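What follows is each chain in one-letter form.
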Amino acid sequence: MISVACDLHIHTALSPCALAEMTPRNIVNMARLAGAQVIAITDHNSCRNVTAVTKAAGNKLLVIPGLEVWTREDVHLLCLFPSLVSAEQFGAVVYAALPDRPCDGDLFGEQYVFDEMDRIVGWEERLLLSPTSLGVDDIASLVEQLGGCIIPAHVDRSYSLINQLGFVPPYLKIPFVEVSRRGKQPQASGMFNAVTNSDAHTLADLAGSKPWPLSVESVTIHSVISSLLALSSTGT
Ligand SMILES: [Zn+2]
Ligand SMILES: [Zn+2]
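Presented here is a report on the structure given in the accompanying data block. For clarity, every value in this text was computed on a predicted model and none was experimentally measured.

Cut-offs and rules
- Residues numbered from 1 in each chain as written.
- Chains lettered and ligands numbered in written order.
- Predicted model: local features only at pLDDT ≥ 70, side-chain atom pairs only at ≥ 80, totals over all residues.
- Helix = DSSP H or I, 4+ residues; strand = E, 2+ residues; numbered from the N terminus.
- Rg over C-alpha atoms; globule rule 2.2 N^0.38 Å.
- Buried ≥ 20, exposed ≤ 12 C-beta atoms within 10 Å, placed from the backbone.
- Contact = placed C-beta atoms within 7 Å.
- Axes fitted to C-alpha atoms, helices over the stretch in contact; angles between N-to-C directions.
- Parallel < 35°, antiparallel > 145°, perpendicular 65-115°, else oblique.
- Left-handed = near helix turned anticlockwise from the far one by under 90°.
- Pairing = 2+ DSSP bridges.
- Right-handed = clockwise from strand over helix to strand, strands pointing away.
- Core = buried A, V, L, I, M, F, W, Y, C linked by C-beta atoms within 7 Å.
- Arc of directions from axis to C-beta.

### Remarks on the overall build of the chain
In terms of regular secondary structure, the chain is built from 8 helices and 10 strands. The globule rule puts the C-alpha radius of gyration for 236 residues at 18 Å, and the 16 Å found for the chain is close to it. Along the longest, intermediate and shortest principal axes, the C-alpha atoms of the chain span 45 × 40 × 35 Å. Every one of the 236 residues in the chain was classed for burial, and the buried ones make up 49%. A separation of at least 24 residues holds for 71% of the contacts in the chain among residues at least 6 apart in sequence.

Shown next as structure tokens:
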């Protein structure tokens, strides 16, 4: 087994709350400077920029396809997948569960789709910064069917499992919870280990990130997901 430095929660400028500087090449270069070897791209309710970041990364960095899903309970869950195909399948279900509300760029920020050269090749028109009609249980079973892994996001902050539900459902299979950079591990997550990802929305967030170590058999997407699934247990 080898240890790789991970940051599994990064937004591109597809997320309206992220700065326009969060382009594929900028993210790859800054994540490398911060010492990451494995990153996950987790935009709100979409994985449309994962391919561009993967291509921009080439063999410099491993990119895990992911999304940060916003459930109907107002909970943010990081959903990571063993392939782009499975992430896209999941992304289609999530997209269909989003309210059909256009993104007002002046109010929320633009939702840019890039190519690997940082060129803007499109805009996501439906507002991604919305709760979907999918519940935590729906997400859990879909992600499991697709061979993916769930990490509850920023459980010490708002829009989290602990903040919204008051607990981590004991049947939910997770490798650990995520606590935010300025947070402390809350009492309610005490039964789980915790990691801190950057949840980067800006390059400064990435520059100040502290990638954490994960043991993997090899530096491949499958191997990272397998390691996360092997760590996964329920709280029961
Ligand atoms: Zn979040
Ligand atoms: Zn986030």
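That shown, we press on.
### Focus: the packing of helix 1 (residues 24-33) against helix 2 (residues 50-57)
Between two packed helices, the angle of one axis relative to the other and the distance separating the axes together describe the packing. One way to put it is that helix 1 packs onto helix 2 with a least axis distance of 8 Å and a crossing angle of 55°. One way to sum up the angle between helix 1 and helix 2 is to call them oblique. Crossing angle aside, the handedness with which helix 1 passes helix 2 is right-handed. Residues Pro24, Arg25, Ile27 and Val28 of helix 1 lie in contact with helix 2, whose contacting residues are Ala52, Val53, Ala56 and Ala57.

### Here's the deal with the pairing of strand 2 (residues 38-44)
For a regular strand, side chains alternate in direction, first toward one face of the sheet and then toward the other. Of all the 7 residues making up strand 2, 7 are buried; the element is thus mostly covered by neighbouring parts of the structure. Bridge count between strand 1 (residues 2-10) and strand 2: 3 bridges; the pairing is parallel. Looking across to strand 2, one finds that isoleucine 10 is bridged to isoleucine 41. Relative to strand 3 (residues 62-70), strand 2 is paired through 7 bridges, and the arrangement is parallel. Note on strand 3: the bridge partner recorded for isoleucine 41 is proline 65. In terms of handedness, the path from strand 2 via helix 2 over to strand 3 forms a crossover that is right-handed.

### Comments concerning the environment of valine 28
With respect to the secondary-structure elements, valine 28 resides in helix 1. Valine 28 sits 11 residues away from isoleucine 39 along the chain, and the two C-alpha atoms are 8.7 Å apart. Not counting residues within four places of it along the chain, the set of residues in contact with valine 28 comprises Val53, Ala56, Ala57, Lys60 and Leu61.

### Some remarks on the environment of leucine 8
Relative to the helices and strands, leucine 8 is located in strand 1. Considered as a pair, leucine 8 and leucine 80 are 72 residues apart in the sequence and their alpha carbons are 8.6 Å apart.

### Examining the sheet that holds strand 7 (residues 149-152)
What the 6 strands build is an open sheet, ordered 7-4-3-2-1-10; its pairing is mixed. Lying at the two open borders of the sheet, with one neighbouring strand each, are strand 7 and strand 10 (212-216). Sheet twist, expressed as the mean angle between neighbouring strand axes with direction ignored, is 30°.

### Describing the nonpolar core
Counting residues in each nonpolar core, the largest one holds 69 residues, and the members touching the most others are Cys79, Leu80 and Ile150. Considering every element that reaches this core, the biggest residue donor is strand 3, with 6 residues. Residues within four places of cysteine 79 in sequence aside, it is in contact with Gly66, Leu67, Val69, Phe90, Ile139, Val143, Gly148 and Ile150.

### Topic: unusual backbone geometry
Phi is positive for tyrosine 159, which is not a glycine, with a value near 55°. If you trace the backbone, tyrosine 159 turns up in the loop between strand 7 and helix 6 (161-165). Of note in this structure, aspartate 199 is not a glycine but carries a positive phi near 45°. For aspartate 199, a count of 22 C-beta atoms within 10 Å corresponds to the buried category.

### Brief notes about helix 5 (residues 136-145)
Residues Val136, Ile139, Ala140 and Val143 constitute the buried set of helix 5. Down the axis of helix 5, the sector holding all buried residues measures 100°, keeping them to one side. Turned more than 90 degrees from where helix 5 packs its buried face, Ser141 and Gln145 sit exposed. Against the buried residues of helix 5 lie strand 3, strand 4 (76-80), helix 3 (84-96) and strand 7. Positive phi appears at glycine 147, one or two residues downstream of helix 5, with a value of about 75°.

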